Structure formats: C-alpha cells, structure tokens
Number of protein chains: 2
Amino acid sequence: MSKKKEVTIYDIASALNISIATVSRALKNDPVVSKRTKKKIFDLAEKMGYRTNHFARNLRNQKTNTIGVIVHELNSNFITSVLAGIEKVTAEAGYDLIIAHSSESFSKEIANAKNLFHKRVDGLIASLSLETKNLDHFKSFEEKNVPVIFFDRVEQEGNNTVVVIDNDKCGYQATQHLIQQGCKRIVHITSNLKRNVYSKRFKGYKEALADNGIPYDEKLLIINDLSERAAIESTMKMLKMNPLPDAAFITNDFVAAICMRTLKENNIKIPEDIAIVGFNNDAICTLVEPALSTINYPGIDVGEVAASNLINHLKGIGNLQNTNTIIIRSNLIIRKSSLKK
Amino acid sequence: MSKKKEVTIYDIASALNISIATVSRALKNDPVVSKRTKKKIFDLAEKMGYRTNHFARNLRNQKTNTIGVIVHELNSNFITSVLAGIEKVTAEAGYDLIIAHSSESFSKEIANAKNLFHKRVDGLIASLSLETKNLDHFKSFEEKNVPVIFFDRVEQEGNNTVVVIDNDKCGYQATQHLIQQGCKRIVHITSNLKRNVYSKRFKGYKEALADNGIPYDEKLLIINDLSERAAIESTMKMLKMNPLPDAAFITNDFVAAICMRTLKENNIKIPEDIAIVGFNNDAICTLVEPALSTINYPGIDVGEVAASNLINHLKGIGNLQNTNTIIIRSNLIIRKSSLKK
DNA sequence: AAAAAAAATGTAAACGGTTACATTTATCAA
DNA sequence: TTGATAAATGTAACCGTTTACATTTTTTTT
C-alpha cells in the first residue's frame, strides 16, 4: 500500500529543464516570470498532479495561515451562526480554521488555548466558558504578539479587543417591554453573573425596573448553568414563588423554551399568567407555542466582524491595538409569548 | 511590533552545549536519552518557552496529523453531535480537524474536497450534500491512498467504507408504528430520493404499508429541500389533500416541527387529526407541542465510530479495505405527537 | 553594432525538525 | 588494566518551499 511519491517543484523543474526558483515563482503567479514559461509550468503541474506542500511553505514563511477559535459549546444556534460568519470571512481570505470547544469548563479552555498556541495559530477568536476565572491562559499569545479577539462572553480587563452587543440596553429593552405589558413581578433567569453578558443584561433589567418605579427584588433573580435540568429546576423555583411572578426575562432561548414547557405542564398560561422574553433569536423561537419574544443577536454578524477585524490586523490593514470594543446591532423581537394586550 | 524570535532546538542545544539530535530525541521522550539530560532539556525548554514547530516536523515526517471533515450543514443538531463525537476521538489521538461545510451545494462540496486534498489531510470523513451527483471529487484521495469514510449521506458505489444506521428498518418502524395507531393515509415528507438515507427510509415506509395491506399512493409522497420555506409549502400541499391524511412520517425533526406549527395554525389537531413522526431526535422534539415522536439517530456514536475506524486504519491497527458498512444502533422513540390511543 | 537598461532565470541559503549512521563515553568481566 | 559491550551523544543529510542576490537573456537606445 505504498503511497505514490508526491510531485515537488524539483520534479517539474527537471522535467522542463529550468530552475526550481522559476517554478516556485510561477506557481505563485509572480509577474516576474514570463507568460510562456508560466503556461508550461502550470500545465505540467496540473498534469503531474502537483500540490503545494503547505508545511514547507509555512516553515519557510514563518506563518501558519490558521486562525484558532475557542467557543464554549457547539450545540447552540448562536454559536454555529458565529462560526458560519467566521468561516465565511476566513475562507475568503485563505485562512484555515481550528475550532475547539471548552464544554463550559475552565480547565478545558486552558488546554485548548495551550494547544492552539503550540499549533501557532496566526490569530485567535474566543468566547469564554462560564467557569473561566481569569485570562492568564491568553497571556502567551500576547507575549508573542498573536492577536486575540473575544466575542460574546468577554472580559474587558487589559487591552483586549472585544465584539459584543449592547447587553445593558438589551436587558433594559426586554424588561421595559414586559413592564409596558403591565408586568410588575418580573423574574430574571440568567447564568453566572461574573460573565459580562449576564451581568450587563442584569444591569439593564434593574435599570428598567428602577426607571419604572418598580423595586428590585432579589428573590426574583435565578441563576443556572443553561442545562436542561437546571432550566427545569429554575422553573420549579419560579412556580413556588408566592405570589406567582407575572413575567420572566430569560437570557437564553433554549432555557426559555424548557421553562415554557415546564410552566405549561404546570397549567400556567403564557403569556396570560406569565409573559416570557428570551434571548438570541434561535430557530426554536417560532416553533414553541406561543412563539417566543426574544432579543435578536445576529451571530453571523458577530462572526464576520470578529474575523474581518482579525484578518485586517494580520494583513496590516487597520490595527487592533487601538480598537477596544465593537458593538454589533441587536434588537427586541416581540412575539406572542410576551403580548398580554 | 516585531515578534520575539521563536525558540528552536538549536537554541536549547547551544545553551546546554549538546547536539540538536539529543534535544530532538529528548523532546520526543526517546528512551535512548539519559534521564539526567532529558530533565535538563525539559526544564530549559519550559523556561525558554519552546514550542514544537509542527511544520518542520510534518515536513520531515511527511504526514499532516490532520483529519478533514466535510458536512452538508453546521446548523443541525445531528451534525454538531457527529462533530462532537469525531472531535472527541481525534483529539485523544492527537489529530487536528479541518471542518468544511458545503451548504448542500455540489460545487462547494467539490471545492471543499479539493481544498482538503491540497491541504493533505491524512484522512477524510464526509457526508454528501443533497445535490451531489457523483463521487469523482473523492477519487484523488483514493489515488493517494488517503482513507475516506462516509457517514449518514453516503453512496455505496465502489469500495467505500460507510457508517450509517439501518434507514430501511427505521422507515419501516416509524410507519408501522403509525399504522398500529390506526393511521391509513400516511404522508411521507422527505428529501431528494437520490440520497440513500431518504430512499431507504422511503423503502421502509413502502414495505410497512405493503405488509399491512395498505396500497402505496404516490400522491402522499412529498419531496422538499429541508428549508423552512419548503417545509411550509409541503405542509400546505398536505392540507390541500382530500381526504386529509391522518399521519405524516417526516424524515427530519426540524421540518416536522415547522410542519406541526403550520398544521396547528390551520386548526389541525395533533395527533388526533394527523399523527406525526419525525427523524433524528433533536433537542427540539420535547420542546414542541405535542412532543414529537422520532427516530433516535445518535450522532455522537456515528462520529466516534467513524473517527476511531479512520484513526485505527491510519495507525495500522485494523484496515478499512475490508470494512464495507458499519451500522449504528438506532431506535424509535414514541411521544405524544403520534399517540392516538 | 555596441552599450545600457529591463526582463527573465538561476544559485544557494535559509526555515526547524528527524534519524541513519558514526563516534564517544560509561559499565562490566576477565 | 584492558578489551568488549552497552549506553549516550553527535554529525550531517533530508523534507519542499521562498527569496536575496547573481547571472544570463532580451529589448531598447544611441
């Protein structure tokens, strides 16, 4: 089962009786090579089944042409949209992608970072796990001047570049909308408040309450880990409240969908008894009943913006040093789950 | 913004006044190097921040340590499960992954195959797009003896190795179950019958009908492209049938969910008026109302099996030459959407 | 037709590992 | 102490590109 020997520029050169330098230049379409020679070389390369050895090239060029991506989970509509956006931009620019996921574990995130660092990615795009306590594992990238862009779950310390939405405003809008529907006891189901996305949405939630003269009640705040089991538990907590809340702002559509199912199983009417607003605008929103109001968080845009900024930086166009925060447009989508009137 | 120079085995060697050969051997933990020397080398490598240059190594070793994956779409629960399974196995074995998706387009699948071929992946795992007409674009892999494993959407021509479920049986079981519920006019909503998965499920559907003395009616067969729009159109077609069908076996949970929503919008009761069985067992199944009966198609197992067979082949353990088909266990899950009694 | 300038091509040294083979050093038996 | 053997280390070629610099060929100018 011996592999056929690979064709190299030496084979092409000696077949045409020219130097490897000319072959190398021709294959990169260097204008310095004459059209006649180029044609001969292209044709023969095609015929011989030549393929570039990227290792030799990268070894020589001292760059990997690879972007690393670290996400917390793959099983998420939002994340796959972001990946699609990243993929689109990086593929066009001729970069490869190595995708790693941490399963929300800090130690796995550290391992992923170390691995991608050793693989020498030219740049990194990352969203933090729920458990992540610090950014020490990204220091090595900084030391070697490898650019890192964070998106969604980010940390503002130091001079990172981050791509986010205005989570504060989104939390405010969602809550304000529920208040306008006449809701007064609005539960907030969210996740680890150490993560910017959740703390900011929480901040917006509180601000909207305050602006409407509704006192903040910490009993209405429920934290969970975004799993199905946790979503059910959170809902049960909500059901035990007395008096029952009249709305819930939930920072994740999947959790919101589980919550709605559990509420319905317990004979709660949505939105009449409890109005619901989710977050992300996953495909699931229009499949559950009633359709789920949510914040539209366009993952594809996030991915595209993160990737194109990174690549422009790598190409020397633009510079991330002076770019601190990029805010992507987002908006509230009102559906039946929150329409009381 | 000059990058700090990378540390190489030469730097370590000269710092310790030994040869690069010893350093190279030590870093690979070659037993031929003495413990004393090894320790010195490890410690210094750590201290100097040495990282292996994979390009130099791979160039010399003539292998890439990379597995290519081609899928039709990322936005699918099933596919992300498969990827998770593949990732688990390949990461443990120390292989990298390059993931490409064709967006169901034949030309993009060809481009992806060509790209991965030029990147010289050591092996390939692929599921075909809906549009794919032939496997010519995988011939180059065969020629260079690069192993290819197909999963889910496969083509049995030639001597490929494929990882699938018993789609025939699944189609039979789903249909049989609906018949047992008393259904007689069972619509089958599926996709391109040129793809094995759909043709086999269709075959099972027809066999179950035949075994129960129900004549096959081709008017009850609806083909679509799995998009939301197509799912709605398919449902409208179903609604226009006279008499109305009493069940639908739909080969995709997402399409089934859209279909259920559309039916409900048109005041059809599920399962009383029309019973539904989907396919895949996506998370969505228990979030729609009523909960969706489906075929459990464990993507993670598919991914793990495909990847471990590929890697064993690469390592010389086991051989794919004589492995034609691997069938993964699957089963019918009965929920409310199909329970008439 | 010769000189000057421009275009095309060639030479050879990197890039950073791996490893067959050669050499040195350590260990042990007689 | 010596020679034989085993253990450890070293030398140098190789993997397939890229590119600064050198050289040759072609074109233009006078």
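Calculation criteria
Residues numbered from 1 in each chain as written. Chains lettered and ligands numbered in written order. Predicted model: local features only at pLDDT ≥ 70, side-chain atom pairs only at ≥ 80, totals over all residues. Heavy atoms only, no water. Near = heavy atom within 4 Å. Polar contact = N/O pair within 3.5 Å; in protein donor to acceptor, adjacent residues only side chain to side chain. Helix = DSSP H or I, 4+ residues; strand = E, 2+ residues; numbered from the N terminus. Nonpolar A, V, L, I, M, F, W, Y, C, P; charged D, E, K, R; others polar. Axes fitted to C-alpha atoms, helices over the stretch in contact; angles between N-to-C directions. Left-handed = near helix turned anticlockwise from the far one by under 90°. Contact = heavy atoms within 4.5 Å. Core = buried A, V, L, I, M, F, W, Y, C linked by side-chain atoms within 4.5 Å. Buried < 20%, exposed > 50% of the residue type's maximum accessible area, 1.4 Å probe, protein only. Least-squares fit on C-alpha atoms with pLDDT ≥ 70 in both. Phe/Tyr/Trp six-rings, centres within 6.5 Å; stacked < 30°, edge-to-face > 60°. Lys NZ or Arg CZ within 6 Å of the ring centre and 35° of its normal. Pairing = 2+ DSSP bridges. Buried area = accessible area lost by both parts, 1.4 Å probe. Salt bridge = Lys/Arg side-chain N within 4 Å of Asp/Glu carboxyl O. Domains from an automatic or database assignment. Expected span 1.5 Å × (residues − 1). Parallel < 35°, antiparallel > 145°, perpendicular 65-115°, else oblique.

**Some remarks on the protein's contact with DNA strand D**
Thinking step 1. The local shell around DNA strand D holds 27 residues, among which Tyr10, Ser24 and Arg60 of chain A together with Ser19 and Thr37 of chain B are the closest.
Thinking step 2. Across the atoms of DNA strand D situated within 4 Å of the protein, the share located in sugar and phosphate is 64%.
Thinking step 3. In this structure, arginine 57 of chain A approaches DNA strand D through a side-chain N or O atom, which is 2.9 Å from a phosphate oxygen.
Thinking step 4. Between DNA strand D and asparagine 61 of chain A, the relevant distance is 3.4 Å, taken from a sugar or linking oxygen to a side-chain nitrogen or oxygen of the residue.
Thinking step 5. Going through the elements one at a time, helix H1 (9-16), helix H2 (20-27) and helix H4 (54-61) of chain A together with helix H2 (20-27) and helix H4 (54-61) of chain B are the ones with two or more residues in the surface near DNA strand D.
Thinking step 6. Along the lines of polarity and charge, the residues of the surface near DNA strand D split into 11 nonpolar, nine polar and seven charged.

**Some details on the packing of helix H5 (residues 77-92) of chain B against helix H12 (residues 299-315) of chain B**
Angle between the axes and distance between the axes are the two parameters that describe a pair of packed helices.
Residues and elements named next belong to chain B.
Thinking step 1. Axis separation between H5 and H12 bottoms out at 7 Å; the angle between their running directions is 35°. In this structure, H5 crosses over H12, and the sense of that crossing is right-handed. Residues Phe78, Ser81, Val82, Ala84, Gly85, Ile86, Lys88, Val89 and Thr90 of H5 form the contact with H12, whose participating residues are Gly299, Ile300, Val302, Gly303, Glu304, Ala307, Ser308 and Ile311.
Thinking step 2. Here the residues of the contact of H5 with H12 sort into nine nonpolar, six polar and two charged.

**Considering the nonpolar core**
Thinking step 1. Ile276 of chain A together with Ile276 of chain B are the most contacted members of the largest nonpolar core, which has 147 residues in total.
Thinking step 2. Residues in contact with isoleucine 276 of chain A, not counting those within four places in the same chain, are Ala248, Ile250, Ala256, Cys259, Met260, Leu263, Ile270, Leu292, Ser293, Ser337 and Ser338 of chain A.

**Some details on the relation of the copies chain A and chain B**
Thinking step 1. Superposing chain A onto chain B takes a rotation of 180° plus a shift of 0.0 Å along the axis, which leaves an RMSD of 0.1 Å. These values place the two chain copies in the arrangement generated by a two-fold rotation axis.
Thinking step 2. A shared binding surface is used by both copies, with 100% of the interface residues of chain A retained as interface residues in chain B.

**Comments concerning the packing of aromatic side chains**
Thinking step 1. Within this structure, the stated rule accounts for 19 aromatic pairs over all chains.
Thinking step 2. Ring centres 6.4 Å apart and planes at 90° place the aromatic pair tyrosine 205 of chain A and tyrosine 216 of chain A in the edge-to-face group. With tyrosine 205 of chain A in helix H9 (residues 196-211) and tyrosine 216 of chain A in the loop between H9 and strand S7 (221-223), this pair connects stretches of sequence that are 11 residues apart.
Thinking step 3. Each ring, one from phenylalanine 138 of chain B and one from phenylalanine 150 of chain B, has its centre 5.0 Å from the other, and the planes form 90°; the classification is edge-to-face. With phenylalanine 138 of chain B in the loop between strand S3 (123-126) and helix H7 (139-143) and phenylalanine 150 of chain B in strand S4 (residues 148-151), this pair connects stretches of sequence that are 12 residues apart. An identical accessibility class is assigned to phenylalanine 138 of chain B and phenylalanine 150 of chain B; each is buried.
Thinking step 4. Sitting over the ring of phenylalanine 117 of chain A, arginine 51 of chain B keeps its end group 4.0 Å from the ring centre.
Thinking step 5. A cation over a ring is seen here: arginine 201 of chain B above phenylalanine 279 of chain B, with NZ or CZ 3.5 Å from the ring centre.

**Comments concerning the protein's contact with DNA strand C**
Thinking step 1. Around DNA strand C sit 27 residues, and of these Ser19, Arg25 and Thr37 of chain A together with Ser24 and Arg60 of chain B come closest.
Thinking step 2. Within 4 Å of the protein, the contacting atoms of DNA strand C are 64% sugar and phosphate, with bases supplying the remainder.
Thinking step 3. Between DNA strand C and serine 24 of chain B, the relevant distance is 2.5 Å, taken from a phosphate oxygen to a side-chain nitrogen or oxygen of the residue.
Thinking step 4. When residues of the surface near DNA strand C are traced back to their parent elements, those giving at least two are H2 and H4 of chain A together with helix H1 (9-16), H2 and H4 of chain B.

**Considerations on the sheet that holds strand S6 (residues 186-190) of chain B**
Residues and elements named next belong to chain B.
Thinking step 1. One open sheet accounts for four strands, arranged S7-S6-S8-S9; its pairing is parallel. Both edges of this open sheet fall to strand S7 (221-223) and strand S9 (275-277), since each of them pairs with a single strand only. The mean inter-strand angle of the sheet, taken between neighbouring strand axes irrespective of direction, is 15°.
Thinking step 2. Packing of helix H11 (residues 253-265) onto the sheet brings it into contact with S6, strand S8 (247-250) and S9, and relative to S9 it is tilted by some 165°.

**Observations regarding the interface of chain A and chain B**
As a measure of interface size, the accessible area lost when the parts come together is often cited.
Thinking step 1. At the interface, 45 residues of chain A touch 46 residues of chain B.
Thinking step 2. With both sides pooled, the region where chain A packs onto chain B buries about 4,800 Å², and carbon together with sulfur makes up 53% of that total.
Thinking step 3. On the surface where chain A and chain B come into contact, there are eight salt bridges.
Thinking step 4. One can count 15 residue pairs in polar contact (both at pLDDT 80 or more) joining chain A with chain B.
Thinking step 5. Residues that form the side of chain A that touches chain B fall into these classes: 16 nonpolar, 14 polar and 15 charged.

**So, the environment of glutamine 180 of chain A**
Thinking step 1. With respect to the element layout, glutamine 180 of chain A can be found in helix H8 (residues 167-180).
Thinking step 2. Taking the C-alpha atoms as reference points, glutamine 180 of chain A and isoleucine 327 of chain A, separated by 147 residues in sequence, lie 27 Å from one another.

**Things to note about the domain arrangement of chain A**
Thinking step 1. We note that the domain assignment places domain 1 (9-52), domain 2 (64-165 + 299-328) and domain 3 (167-297 + 332-338) within chain A.
Thinking step 2. The distance between the C-alpha centroids of domain 1 of chain A and domain 3 of chain A comes to 63 Å.

**Concerning unusual backbone geometry**
Residue and element names in this part refer to chain A.
Thinking step 1. The omega angle of the peptide bond from isoleucine 270 to proline 271 is 5°, so this bond is cis rather than trans.
Thinking step 2. In this structure, proline 271 sits in the loop between helix H11 (253-265) and strand S9 (275-277).
Thinking step 3. The step from glutamate 289 to proline 290 runs through a cis peptide bond, and the omega angle for that step is -5°.
Thinking step 4. Its identity is not glycine, yet arginine 120 carries a phi of approximately 60°, on the positive side.

**A short note on helix H8 (residues 167-180) of chain B**
Residue and element names in this part refer to chain B.
Thinking step 1. Between its first and last C-alpha, H8 extends 20 Å over 14 residues, near the 20 Å set by a 1.5 Å rise per residue.
Thinking step 2. By the criterion of burial, H8 is predominantly enclosed, with 10 of the 14 residues buried.
Thinking step 3. Along H8, the residues classified as buried are Asn167, Asp168, Cys170, Gly171, Ala174, Thr175, Gln176, His177, Leu178 and Ile179.
Thinking step 4. Glycine 182, located one to two residues past H8, shows a positive phi value of around 95°.

**Quick word on the side chain of threonine 64 of chain A**
Thinking step 1. Among the secondary structure elements, threonine 64 of chain A is positioned in the loop between H4 and strand S1 (66-71).
Thinking step 2. According to the relative accessible area criterion, threonine 64 of chain A is buried, its value standing at 6%.
Thinking step 3. A polar atom in the side chain of threonine 64 of chain A sits 2.9 Å from the backbone oxygen of arginine 120 of chain A.
Thinking step 4. Among residues more than four places away in sequence, those in contact with threonine 64 of chain A are Asn58, Lys119, Arg120, Val121 and Asp122 of chain A together with Phe55 of chain B.

**Regarding the packing of H2 of chain B against helix H3 (residues 35-48) of chain B**
Residues and elements named next belong to chain B.
Thinking step 1. At a minimum axis separation of 9 Å, H2 and H3 run at an interaxial angle of 85°. It follows that H2 is roughly perpendicular to H3 by the angle criterion. Facing H2, whose interface residues are Thr22, Val23, Ala26 and Leu27, H3 presents Thr37, Lys38, Ile41, Phe42 and Ala45.
Thinking step 2. A per-class count over the contact of H2 with H3 returns six nonpolar, two polar and one charged.

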